[in-house]
Amino acid sequence: MSDINTLLREIHSRADSLAIFAQHAAALDSTVSTRKSDTVQTVLYSLSVLQTLHTDLLTLLKQEKAEKTESYTDLNGEIVQVDMLDWLEDGYYTDDEGDRMPCSRYCIGDDDGDGISVWLNEDMVEVEA
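Residues numbered from 1 in each chain as written. Predicted model: local features only at pLDDT ≥ 70, side-chain atom pairs only at ≥ 80, totals over all residues. Heavy atoms only, no water.

**Q** How would you summarise a negative patch on the surface if you had to cite specific residues and measurements?
**A** A surface patch of negative charge is lined by Asp110, Asp111, Asp112 and Asp114. Note on placement: Asp114 falls in strand β5 (residues 114–120). For Asp114, a relative accessible area of 54% translates into the label exposed. (Patch = residues over 30% accessible without salt bridge, like charges linked within 9 Å, V, L, I, M, F, W, Y side chains within 5 Å. Areas by Shrake-Rupley, 256 points an atom, 1.4 Å probe, with all protein chains shown as cover. Salt bridge = Lys/Arg side-chain N within 4 Å of Asp/Glu carboxyl O. Lys, Arg positive; Asp, Glu negative; His and termini not counted. Charge placed at Lys NZ, Arg CZ, Asp CG, Glu CD. Helix = DSSP H or I, 4+ residues; strand = E, 2+ residues; numbered from the N terminus. Buried < 20%, exposed > 50% of the residue type's maximum accessible area, 1.4 Å probe, protein only.)

**Q** Before we move on, can you summarise the environment of His54 with the specific residues and values?
**A** Along the chain, the position of His54 falls in helix α2 (residues 33–68). Separated by 43 residues in sequence, His54 and Ile11 have C-alpha atoms that sit 7.0 Å apart. In this structure, His54 is in contact with Leu8 and Ile11, ignoring residues within four places of it in sequence. (Contact = heavy atoms within 4.5 Å.)

**Q** Can you lay out the nonpolar core for me, pointing to particular residues and giving the numbers?
**A** Within the largest apolar cluster, seven residues are counted, these being Tyr72, Val82, Leu85, Tyr106, Ile108, Val118 and Leu120. Of all the secondary structure elements, the ones that give two or more residues to this core are β4 (100–111) and β5. Dropping the residues within four chain positions of it, Leu120 is found in contact with Tyr72, Leu85, Cys103, Ser104, Tyr106, Val125, Glu126 and Val127. One finds Leu8, Ile11, Leu50 and Leu61 within the second-largest nonpolar core, a separate group that totals five residues. (Core = buried A, V, L, I, M, F, W, Y, C linked by side-chain atoms within 4.5 Å.)

Set out below in structure tokens:
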């Protein structure tokens, strides 16, 4: 995602540069009006292409974020949406019948630099390990 943000900043920077260039081209001596007009039209076309690209990239960024959102069911039976659900380790919990069942610990984000994790069974339901 940082690559996309870098690209977005580059697009913004280039669009600003093209806008400045267009302003300078518009201020050229009137004796080169045809050339000036062609230059301004080229710059304006380039700006429209950059704007379209910028919009497309923002749409992809939103889609990527939406696809990355994952969920699990917490101890209260509520569905929790999280941006990350990264496996950390395997373990076991004891179910209601007293049987030892497999589960895994997942990182779901961080709070002030400290990782937050939950233990989930194979159905992605939180358990107490």
